[in-house]
Amino acid sequence: MSVFSHHEFDKHQQVHFFCDDKTGLKAIVAIHNTNLGPALGGCRMWQYNSDEEALNDVLRLSKGMTYKSAVANIGLGGGKSVIIGDPRKHKTEAMLEMMGRCLETLGGSYIAAEDSGTSVADLKVMGRHTKYVAGVTERTGIDGKPCNGDPSPATAYGTFIGLKAAVKHRLGASSLAGLKVAVQGVGNVGFRLAEQLQAAGAELYVSDIHAESVERAVNELGATAVDGKDILSLDVDVLAPCALGAVLNDNTIPELKAAVIAGAANNQLAAAHNDQMLKNKGILYTPDFVINAGGIIDVYYEQSGHQHENVRNHIESIADTLDEIFQRSDADGQPTGEVANRIAEERFMRETLVSA
Ligand code: NAD
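Numbering of residues starts from 1 in each chain and follows the order in which that chain's sequence is written. The predicted origin of the model limits local features to residues at a pLDDT of at least 70 and limits the giving and counting of side-chain atom pairs to 80 or more, whereas totals for whole chains, interfaces and linings rest on all residues. To get the side-chain values, all heavy atoms of the structure are used, and hydrogens and water are removed first.

K.L.:
Any chance you could break down the packing of aromatic side chains for me, citing the residues and the numbers?
P.N.:
Only Phe, Tyr and Trp rings take part, Trp by its six-membered ring, and two of them pair if their centres are within 6.5 Å. Stacked means planes under 30 degrees apart, edge-to-face means over 60, and tilted covers everything else. All chains considered together, the criterion is met by 4 aromatic pairs. With 6.4 Å between their ring centres and 90° between their planes, Tyr67 and Phe289 make a pair best called edge-to-face. In this pair, Tyr67 sits in helix H1 (residues 51-71) while Phe289 sits in helix H8 (residues 288-291), placing the two residues 222 residues apart along the sequence. The residues Tyr67 and Phe289 share a single accessibility class, namely buried. Within the aromatic cluster, the residues linked to one another by ring pairs are Tyr67, Phe289 and Phe348. Only lysine NZ and arginine CZ atoms are considered, and such an atom sits over a ring when it is within 6 Å of the ring centre and within 35 degrees of the ring normal. Against the face of Phe191 rests Arg216, its NZ or CZ located 3.7 Å from the ring centre. Secondary structure follows DSSP: runs of H or I at least 4 residues long count as helices, runs of E at least 2 residues long count as strands, and numbering of each begins at the N terminus. Exposure is judged per residue with a 1.4 Å probe applied to protein chains only, and the accessible area is read against the type maximum: over 50% gives exposed, under 20% gives buried, and values in between give partly exposed.

K.L.:
Account for the site of the ligand, naming residues and giving values.
P.N.:
A single heavy atom is enough: if one lies within 4 Å of a molecule or strand, its residue is considered near that molecule or strand. Lining the immediate environment of the ligand, one finds 20 residues, of which Thr155, Asn188, Val189, Asp208 and Asn266 sit closest. By the criterion applied in these results, polar contacts are pairs of N or O atoms within 3.5 Å in which, for protein atoms, one can donate a hydrogen and the other can accept it, and in which residues neighboring in sequence qualify only through two side-chain atoms. Here a nitrogen atom of the ligand sits 3.2 Å away from a polar atom, N or O, in the side chain of Ser152. Ala264 has a polar backbone atom sitting 3.3 Å from an oxygen atom of the ligand. In these tables, accessible area is a Shrake-Rupley quantity obtained with a 1.4 Å probe, and a residue counts as shielded only by the protein chains included in the view. The fraction of the free accessible surface of the ligand (820 Å²) that becomes covered by protein chains is 74%. Elements represented by at least two residues in the shell around the ligand include exactly helix H4 (152-171) and helix H5 (188-199).

K.L.:
I'd like a description of the side chain of Asp275, backed by residues and values.
P.N.:
By the element assignment, Asp275 lies in helix H7 (residues 273-280). When charges are counted, Lys and Arg contribute as positive and Asp and Glu as negative, whereas His and the chain ends are disregarded. Should a side-chain nitrogen of Lys or Arg be within 4 Å of a carboxyl oxygen of Asp or Glu, the pair is scored as a salt bridge. For the buried Asp275, which has no salt bridge, the nearest side chain bearing the opposite charge is Arg342, at an N-O separation of 8.2 Å. Ignoring anything within four residues of it in the chain, the contact list for Asp275 reads Leu269, Tyr285, Pro335, Thr336, Gly337 and Glu338. Working rule for contacts: check all heavy atoms of both residues, and any pair within 4.5 Å makes them a contact.

K.L.:
Mind laying out the domain arrangement of the chain, listing which residues take part and the relevant values?
P.N.:
Size of an interface, as often reported, equals the accessible area lost when the parts are brought together. Split into domains, the chain comes out as domain 1 (14-63 + 78-136) and domain 2 (146-346). The interface of domain 1 with domain 2 comprises 9 residues on the first partner and 9 residues on the second. Buried area is a sum: the accessible area each of two parts loses on coming together, probed at 1.4 Å, counted once for each and added. Regarding the contact of domain 1 and domain 2, the summed buried area is about 650 Å², with carbon and sulfur atoms giving 53% of it. For the domain 1 face of the interface with domain 2, the top three residues by lost area are Leu40, Val120 and Gly135, together amounting to 48%. Inspection of the domain 1/domain 2 interface yields 0 salt bridges. Polar here means any residue other than Ala, Val, Leu, Ile, Met, Phe, Trp, Tyr, Cys and Pro, which are nonpolar, and Asp, Glu, Lys and Arg, which are charged; Gly is therefore polar. For the side of domain 1 that touches domain 2, the class distribution of residues is 6 nonpolar, 1 polar and 2 charged. The split into domains, and so the bounds of each, comes from an automatic or database assignment of domains.

Structure (structure tokens):
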């Protein structure tokens, strides 16, 4: 297995492999870049088919965190960790405790948060042996409700703010009243986003693979249920992907009718050229790692002493960042995802120059 010549390796500053026979822990921590601060990112547990697949994931995801935090203007770098194994079969307290000990050896250059396959409770177990875990403090959430560390309300709020900015730019509308919005996936983030859209007067269309999630949106928010195969191509003003990655691809883009795409799902573009395809079609794509940064902003504030109003204001600045991206995209003809990448690089690479 190659590392430095791996196709996802992109100047990662550190890659650590941890193995503990006694607890069965096999983990990789990738620290992509710490120029702007310690690398913070989720700790994912997944039954990878091979070590290669795990390495691929951790290299790709850690780089994504550098870009997300740089654009969100928080003092964090990008990192990620993966534990290899089925979380339902192989996860034990002893393994999580050992993961905590491993994180402690990194001295704070990487801070772990929850991710697929790990929960706030798991992070607390790791936290018995390290202070380098985040998103574990009971506090008042962005919505004013008690919060156990779950970043979803903050992510949903940021997505709502970003969606409004995109609608204003592309459709010239300051209000969402009467606009048709399709939400793919009404889970932790999607449902909360749908609540805010409904309160703002939008007409909601939803799909989810879980019938009870759709029913809840229909009953509580008056949404219209849509078959999963039709949601992306629905004749709506806005499409909000809040479920899976790679939904914007060579097959789906020709069928899209929405003028704006603004949703929380990570890695919505299947390939880099899909960014330009959307621009060519006159669709305003709101880069996913910009609009869904509310959660990481929330976690950052938790790390640095949570001030409820400050978090809210910072999340609301997602709209300003998007305005800058949209304007630069209009001015120089580059697609919005590409512009967002350049802005991130300008920020964390500038720090390289300063510190060199
Ligand atoms: P979640 O698992 O709570 O919700 C996802 C929902 O999508 C579920 O209800 C699931 O049933 C549904 N779904 C899955 N496949 C589907 C399909 N093919 N069609 C329609 N619905 C489908 O996850 P979440 O925390 O709400 O996150 C949603 C997305 O946002 C993910 O891509 C996640 O990576 C991204 N994201 C989440 C956060 C956060 O704070 N939770 C932060 C940044 C990005």
